[in-house]
Amino acid sequence: MRIFRDEEKLSPEYVPKALPHRESELKLLKTFFSGVVSGTSRISTRVIITGSVGTGKSALVKLFGREAREDARKRGVDLRFLYVNCRISKTIFTILTRIIEQLRARIPMRGYSYEELLHKILNYFEAKNIYGILALDEVDALLGREEKNALYFFSRIGEEREKVPRISVILITRNPEMFDVLDESTRSTLLGNIIHLDEYNSDQLYDIVKFRADEALIPGVLMESSLRLIADLAGERGDARYALDILWRAGKYAEAEGFPRITPEHVRKASASIYPAIRREHLEYLGDHERLILLALSRALKEGQAYITANDLHQHYRMICEEYSTQPRAYTRFWEYLQRLDDLGIIRINVKSEGIKGRRSYISLPGMPVSILRRELELILEKGKGP
Ligand SMILES: Nc1ncnc2c1ncn2[C@@H]1O[C@H](COP(=O)(O)OP(=O)(O)OP(=O)(O)O)[C@@H](O)[C@H]1O
Ligand SMILES: [Mg+2]
């Protein structure tokens, strides 16, 4: 019994032809870049995209890049869409390397500083009369030591050249607090153009899953009740990736059983296989700093609070480190630990918008009472302290 018509259409790399419930954000992006697409812009455009996990940030920007390139082509403008994921390419140098590769430009790299390389890239754009939109995804992975300059470097691209701006930039991040480290003038140029993607509610996820199922599955195999259940399960997280992951796995279960339809039981199996409830043993597998962060979280949340901001949690974590005579990690590493704890389903990171400057990442602990977590962690950490 076949379930999938085109399974590839549920793979993480695939970018759908449309994104239901992101039409207005797509339109806004097009408005910001209209001068770039027509090749008439006199100032370099910079846009920030924020939003929690699975809110469609990457998909939106990739779809926009594809359409912008096409719109520009129709107007006789050669516009290149350059996409770099900073979690993979973590330094200015590797990002520039990816750009040169994507341009298929023959620019020698060895022995040049990155300022020199950037100038060579800009010369290339001018010589070929092309334009570019550079999308830097997951820029939160960049911050730290040398990389701190990266944000500054890429948000100022080409500013010192008096010619037509050739490269515009889109920065994508889950963590809007990362811009706090920038100086005021960079901040204000960047923070003007923010598009924040709210978490999807279950009705929106219903439409999204239905749309993606129509592309990927044989018509009629997804039962209406299963679709609703997926939307409701994922609605608690507001996360489209989670919804599509359940859909794909549920399809796999149905296929393996040789069943002609995806039933709610397949959906339940799929969701149980993705995020198992936190068990005590899981805490044993965590690294010391992840435990210290969780301990900080469990102490900070005890006052009947549901959330704490990432910055506040970092403060609490530093105090806990002092208590356990451990050197605290810098914010970038701390943020990586938070992402891992979120990926494991132990904590939740929500980006909330409270007016332009007030977007914050809020951390919560949905799966376990803080009192139990605190006791468990104190026991484990006590053991680890040695005789
Ligand atoms: N509105 C939508 N319609 C259809 N598919 C969507 C929509 N939003 C997101 N998706 C799909 O959900 C998955 C997750 O989206 P995406 O990767 O863009 O999230 P993200 O915000 O970049 O998450 P992260 O912070 O983890 O990088 C992708 O497979 C994407 O194609
Ligand atoms: Mg993404």
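Residues numbered from 1 in each chain as written. Chains lettered and ligands numbered in written order. Predicted model: local features only at pLDDT ≥ 70, side-chain atom pairs only at ≥ 80, totals over all residues.

Visitor: Explain the overall build of the protein to me, please; I cannot follow it from the model alone.
Guide: Secondary structure summary: the protein contains 16 helices and eight strands in total. Overall size of the protein, expressed as C-alpha extent along the three principal axes, is 65 × 60 × 40 Å. Here the protein, with 387 residues, has 37% of them falling under the buried criterion. Here the analysis covers contacts within the protein between residues at least 6 apart in sequence; of these, 72% occur between residues at least 24 apart. (Helix = DSSP H or I, 4+ residues; strand = E, 2+ residues; numbered from the N terminus. Buried ≥ 20, exposed ≤ 12 C-beta atoms within 10 Å, placed from the backbone. Contact = placed C-beta atoms within 7 Å.)

Visitor: I'm lost on unusual backbone geometry in this one. Help?
Guide: Glycine aside, a negative phi is what most residues show, and trans is what most peptide bonds show. One non-glycine residue, His21, lies in the positive phi region at around 70°. Unlike most non-glycine residues, Asn129 shows phi in positive territory, near 50°. If you trace the backbone, Asn129 turns up in the loop between α5 (114-128) and β3 (131-137). Looking at Asn129, the number of C-beta atoms within 10 Å reads 11, which means it is exposed.

Visitor: What am I meant to see in the sheet that holds strand β1 (residues 46-51) here?
Guide: Neighbouring strands of a sheet are bound in pairs by backbone hydrogen bonds; such pairs are parallel or else antiparallel. The strand order across the open sheet formed by five strands is β2-β3-β4-β1-β5, and the pairing between neighbours is parallel. Single-partner strands in this sheet number two, and they are β2 (79-85) and β5 (194-197). Neighbour to neighbour, the strand axes of the sheet diverge by 15° on average, direction disregarded. Sheet topology places β2 next to β3; seven bridges connect them, and they run parallel. When the bridges of β3 are listed, Leu82 appears paired with Leu134. (Pairing = 2+ DSSP bridges. Axes fitted to C-alpha atoms, helices over the stretch in contact; angles between N-to-C directions.)

Visitor: Sorry if this is basic, but what is going on with the site of ligand 1 here?
Guide: In the neighbourhood of ligand 1, 21 residues make up the surrounding shell, with Gly56, Lys57, Ser58, Ala59 and Ala240 lying closest. Secondary-structure elements contributing two or more residues to the shell around ligand 1 are α3 (57-74), α8 (202-216) and α10 (240-256). When the residues that make up the shell around ligand 1 are grouped by side-chain class, the tally is ten nonpolar, six polar and five charged. For the shell around ligand 1, the domains that each give at least three residues are domain 1 (22-197) and domain 2 (200-274). (Near = placed C-beta within 6 Å. Nonpolar A, V, L, I, M, F, W, Y, C, P; charged D, E, K, R; others polar. Domains from an automatic or database assignment.)

Visitor: Mind showing me how you'd approach the nonpolar core here?
Guide: A general trend in soluble globular proteins is that nonpolar side chains are found buried together. Ranked by size, the top nonpolar core spans 43 residues in total, and within it Ile49, Ile133, Leu136 and Ile170 carry the most contacts. Residues in contact with Leu136, not counting those within four places in the same chain, are Val84, Cys86, Phe154, Val169, Leu171 and Ile172. Counting 30 residues, the second largest nonpolar core, distinct from the first, contains Ile3, Leu217, Leu229 and Ile230. (Core = buried A, V, L, I, M, F, W, Y, C linked by C-beta atoms within 7 Å.)

Visitor: Any chance you could explain the sheet that holds strand β6 (residues 308-309) here in plain terms?
Guide: With antiparallel pairing, the three strands of this open sheet are ordered in space as β6-β8-β7. The sheet is open, and its two edges are formed by β6 and β7 (348-352), each paired on a single side.

Visitor: Please clarify how the pairing of β5 should be interpreted in this entry.
Guide: Within a regular strand, side chains alternate between the sheet's two faces. The alternating pattern of β5 places Ile195 and Leu197 on a buried face and Ile194 and His196 on a face that is not buried. By the bridge criterion, four bridges tie β1 to β5 in an arrangement that is parallel. Directly across from Ile49, in β5, lies its bridge partner Ile195.

Visitor: What am I meant to see in the packing of helix α13 (residues 288-300) against helix α14 (residues 310-323) here?
Guide: Geometry of a packed helix pair, given as the angle between the helix axes and the separation of the axes. Across the interface, α13 lies against α14 with an axial gap of 8 Å and an inter-helix angle of 115°. What the angle tells us is that α13 and α14 run roughly perpendicular. At the point where α13 passes α14, the crossing takes the right-handed sense. Contacts between α13 and α14 involve Leu292, Ile293, Leu295, Ala296, Leu297, Arg299 and Ala300 from the first element and Leu313, His316, Tyr317, Ile320 and Cys321 from the second. Tallied by class, residues from the contact of α13 with α14 come to ten nonpolar, one polar and one charged. (Parallel < 35°, antiparallel > 145°, perpendicular 65-115°, else oblique. Left-handed = near helix turned anticlockwise from the far one by under 90°.)

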